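Remarks on the overall topology
Chain by chain, the residues:
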Amino acid sequence: MTSLDAITLEVADLAAAERFYANAFGLGTRLRLRASQEPATGFRGFTLSLTVAQPADVDLLIGGALGAGATVLKRAGKSLWGYGGVVQAPDGTIWKVATSAKKNTGPATGEIGDVVLLLGATDVAASRQCYVDQGFAVEKSFGRVYVQFAAAGTVKLGLYRRRALAKDAGVAPEGSGSHRIVMIGAGDFTDPDGFAWASGQPAGQLGA
């Protein structure tokens, strides 16, 4: 089964991005960075989510991200599905931190469970077929709205209708230029929305 082993974010200021991610989340080998000046405006078409055990961990991680220079897109709070919030890193990447728990059961640890990459798809059915053809196994599928692939690597992958994904992140859906992200693990291909995949280990790996 094909896997998503790591994510490379392309950033304008490599040193600043390295400082931010080391201080904000500490994702180790799941996240890499490399310098790029490719133009990008507005919503880049994807979000990254961190799942944690309880609301206190959401608050701890979001507080750390804000302290490192992130900005709030959606303040942390309760919802029907649990508790979470959304921030935007200085490099422009949108991060959601969330838990399905609505109450704390102990002190916050800041431990991150899953890292989930959601790609905004113009045509979810077409993108779904593209990834199936590349060897991804579908775990859940909700028509032309959402697809979750079975986890096989260190990062989980899903597809969400682009406008719905932007709404969930608290941003306008319009955007153009580079996605500023490369996925590592499935070989070399580009999906219908222009998201690039590459095999092997990219430069700019962050330490644990």
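Use the structure listed above.
Below or above, wherever it landed, is the structure these notes cover. Numbers given for residues are sequential positions, taken from 1 along each chain in its written order. Under the rules for a predicted model, residues below a pLDDT of 70 receive no local features and side-chain atom pairs below 80 are neither given nor counted, while totals for whole chains, interfaces and linings still include all residues. In computing side-chain values, all of the structure's heavy atoms are included and hydrogens and water are not.

**Structural notes on the environment of alanine 70**
Considering the arrangement of structural elements, one finds alanine 70 in the loop between helix H2 (55–68) and strand S5 (71–78). Spatially, the C-alpha atoms of alanine 70 and glycine 92 are 9.0 Å apart, while their sequence positions differ by 22 residues. Note on definitions: a residue-residue contact is assigned when non-hydrogen atoms from the two residues lie within 4.5 Å. With residues up to four places along the chain from it excluded, the contact list for alanine 70 reads Phe20, Ala65, Val87, Gln88, Ala89 and Pro90. Under the scheme used here, helices are H or I runs from DSSP no shorter than 4 residues and strands are E runs no shorter than 2 residues, and both carry numbers assigned from the N terminus.

**Digging into the packing of aromatic side chains**
The description of two aromatic rings rests on the distance between their centres and on the angle between their planes. Geometry of aromatic contacts follows a simple scheme: Phe, Tyr and Trp rings, the Trp one being its six-membered ring, pair when their centres are within 6.5 Å, and the pair is stacked under 30 degrees between planes, edge-to-face over 60, tilted otherwise. Taken as a whole and judged by the stated rule, the model has 14 aromatic pairs. Pairwise contacts between aromatic rings join Tyr131, Phe136, Phe149, Phe189 and Trp197 into one cluster.

**Quick word on the pattern of salt bridges**
What counts as a salt bridge is simple: a side-chain nitrogen of Lys or Arg found within 4 Å of a carboxyl oxygen of Asp or Glu. Summed over the entire model, instances satisfying the criterion amount to four salt bridges. Between aspartate 168 and lysine 96 there is a salt bridge, with the nearest N and O atoms lying 3.1 Å from each other. Of this pair, aspartate 168 sits in helix H4 (residues 162–169) while lysine 96 sits in strand S7 (residues 94–99), and the two are 72 residues apart along the sequence. You can call lysine 96 buried: its relative accessible area is 16%. Here's how the labels work: a residue is buried when its accessible area is under 20% of the maximum for its type, exposed when over 50%, partly exposed in between, all with a 1.4 Å probe on protein chains only.

**Overview of empty space enclosed by the protein**
Only protein atoms enter the 1 Å grid, on which a cavity is a set of points fitting a 1.4 Å probe that cannot get out and a pocket is an open set with protein on both sides within 12 Å along at least 5 of 7 lines, lining residues being those with an atom within 4 Å of a point. Grid points are joined across faces, edges and corners, and a volume is the space filled by probe spheres set on the points. Under the definition given, this model contains two cavities of 30 Å³ or more. Taken as a whole, the largest cavity holds about 50 Å³ of empty space. The wall of the largest cavity is formed by Thr2, Ser3, Leu4, Phe136, Phe149, Ala150, Ala151, Ala152, Gly153, Val155, Lys156 and Leu157. Empty space within the second largest cavity amounts to approximately 30 Å³. Lining the second largest cavity are Ile7, Leu27, Arg30, Leu31, Trp95, Val115 and Val155. Lys, Arg, Asp and Glu make up the charged group, whereas Ala, Val, Leu, Ile, Met, Phe, Trp, Tyr, Cys and Pro make up the nonpolar group; the residues left over, Gly among them, are polar. Split into classes, the residues belonging to the lining of the second largest cavity amount to six nonpolar, no polar and one charged.

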